[in-house]
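Residue-level listing of the chains:
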2 protein chains.
Amino acid sequence: MSQHRHPGAPGRAGAVPALPDLPEATVARLPEYLRALHQLAEAGHETISSEGLATAAGVNSAKLRKDLSHLGSYGTRGVGYDVALLVDQIEFVLGLTQRRGVALVGIGNLGHALAGYAGFASRGFRVAALFDADPARVGEEINGLIVRHVDELPRAAVEESIAIGVIATPAAAAQRVADQLVAAGVTSILNFAPCVLSVPEGVDVRKVDLAIELQILSFHEHRKASLTALPATGGAGFTALPGGLAAPGTQEAVGT
Amino acid sequence: MSQHRHPGAPGRAGAVPALPDLPEATVARLPEYLRALHQLAEAGHETISSEGLATAAGVNSAKLRKDLSHLGSYGTRGVGYDVALLVDQIEFVLGLTQRRGVALVGIGNLGHALAGYAGFASRGFRVAALFDADPARVGEEINGLIVRHVDELPRAAVEESIAIGVIATPAAAAQRVADQLVAAGVTSILNFAPCVLSVPEGVDVRKVDLAIELQILSFHEHRKASLTALPATGGAGFTALPGGLAAPGTQEAVGT
DNA sequence: AGGCGCTTGTGAAGACGTGCACAAATCGCG
DNA sequence: CGCGATTTGTGCACGTCTTCACAAGCGCCT
């Protein structure tokens, strides 16, 4: 399956550890494992079992083991995983050993918040440039960065070696911005605008739509309501009431 | 995922469009179809083919037809789907016929932006209350709403009949807020804090982690880089360069 | 050294999601 | 009225993801 690194020196110095191509589902979970590992490391754990890490990451332990097995064998039977080692390994696989530069386009309501979001900096990214098409916003300083006009994007992208672009514009402007990003050499885009982007092959797009998340929750609310309405003999079956605090059950993740 | 799987699906009372239990993957796409439909309606279309709608929503037409077939048969062969009818149908299934109240907890950087995000109001939701634990922020007015102290959550939740809570606090506070939301009767939570929440059965949680999205993109960047480094005989590697604008290819969605 | 308990890594089976390809249904037109 | 063009709805095969269950490996204790 995977070409195990030689057990002797885990230092991956030598041969380029050609990335195994991981299942997408696994890739999507690795960041969650990484977050959990950092948290565990801070709590003083030097090793952690798959069970413990799975709990911290909110997944099933078998799934976690299979995910990690795709990266190679970095656990010790009878003991667990070395936290520090695993952190390094996952960060390497995710390409976080270099701090990637991110360009943020659209400094409106949301863009403002993203520009100031500390979570990016603390998790491997550097917000390197801010852009907006509105001259009224150009020149504003946020977090030590000056908002530049979007036409300067190509130049700035090269100067700052930007590989990832974040689109936080209104939907109407998003496709144009995407084209500009691609033209400037950006090959990964995170799109917050509620619209479909068309990009050339080789460019990756991920979309985050806040309203969609709420709508999915709304569906489940609707279903829950219609379920408690029918089988429960009482009419307006309102079950939820205070009383006790969250008897911590297992996380009930909705969808993926 | 949802463990509510009644095998025999007790014959649901006939004619009423009682909710069929849709596959989660379908539920996650319905909002996207809805957005595309609104866009098409605005453009004047009265009917739309599966092919057209699929393109507008960025999916494959067979998948779209199968998704819609789960809601019942609302298309006409040889013609397509009636846009207005389909909008109504999807809005009903998603439970958007009633405008759901949303409580937003954590009025920091991100919370501020969410409180002012027009997309919520325009897509079926009403941000009904804002909360924060920091007394310094209590009293601030955003978009016509006053920030209240989080301790008032139970009372406000009932008054405003809140069913959905949005957590935009730091990770350290998120679990406590989730407990408070649950205690106040909230049964759906959208969590922006980078941590795992533990909630009782019957409460649905969806998570949005902005840094994770970037990390997934980073992985693909890393992989693309390591691929063009190895096999490319001669500089076949770097395709992307200015000159031409994005030859619009198909959307290359990464993961889900 | 040997045995015992614990934990990883993985084969196999099942659930789920996707996409093709085509029969069935509908409309418009001659 | 019949025919052809069009488009839906779906059976089927395939690939991906999840989960179980267990052998193999490791450390510790006696």
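What counts as what
- Residues numbered from 1 in each chain as written.
- Chains lettered and ligands numbered in written order.
- Predicted model: local features only at pLDDT ≥ 70, side-chain atom pairs only at ≥ 80, totals over all residues.
- Heavy atoms only, no water.
- UniProt positions renumbered as here; feature names shortened; annotations may be inferred.
- 1 Å grid on protein atoms, 1.4 Å probe; cavity = no way out; pocket = protein on both sides within 12 Å on 5 of 7 lines; lining within 4 Å.
- Points joined across faces, edges and corners; volume = space filled by probe spheres on them.
- Nonpolar A, V, L, I, M, F, W, Y, C, P; charged D, E, K, R; others polar.
- Buried < 20%, exposed > 50% of the residue type's maximum accessible area, 1.4 Å probe, protein only.
- Helix = DSSP H or I, 4+ residues; strand = E, 2+ residues; numbered from the N terminus.
- Pairing = 2+ DSSP bridges.
- Contact = heavy atoms within 4.5 Å.
- Axes fitted to C-alpha atoms, helices over the stretch in contact; angles between N-to-C directions.

- By the naming in an unreviewed UniProt entry, chain A is Redox-sensing transcriptional repressor Rex, taken from Micromonospora echinofusca.
- A UniProt comment under Subcellular location (unreviewed entry) is attached to chain A, and it reads "Cytoplasm".
- Per UniProt, the comment on chain A under Function (unreviewed entry) is "Modulates transcription in response to changes in cellular NADH/NAD(+) redox state."

1. Describing empty space enclosed by the protein
Here is step 1 of the chain: In the structure shown here, the tally under the stated rule is one cavity of 30 Å³ or more.
Here is step 2 of the chain: A volume near 30 Å³ is recorded for the largest cavity.
Here is step 3 of the chain: Lining the largest cavity are Val102, Leu104, Leu114, Phe120, Val127 and Val166 of chain A together with Leu214 of chain B.
Here is step 4 of the chain: Taken together, the residues of the lining of the largest cavity break down into seven nonpolar, no polar and no charged.

2. A look at the pairing of strand S5 (residues 125-132) of chain B
Residue and element names in this part refer to chain B.
Here is step 1 of the chain: In terms of residue burial, S5 counts as a mostly covered element, since six of its eight residues are buried.
Here is step 2 of the chain: Note that strand S4 (residues 100-105) and S5 share six bridges and pair parallel. Bridged to Gly101 within S5 is Arg126.

3. Some points on the sheet that holds strand S2 (residues 75-76) of chain A
Residues and elements named next belong to chain A.
Here is step 1 of the chain: Read from one edge of the open sheet, three strands run S1-S3-S2, paired in antiparallel fashion. Strands at the two margins of the open sheet, each flanked by one partner only, are strand S1 (47-48) and S2.
Here is step 2 of the chain: Taken together, the two bridges between S1 and strand S3 (residues 80-82) define a ladder with antiparallel strand orientation. Across the sheet, the residue bridging to Thr47 is Asp82, located in S3.
Here is step 3 of the chain: Along the sheet, helix H4 (residues 83-93) makes contact with S1 and S3, crossing S3 at roughly 70°.

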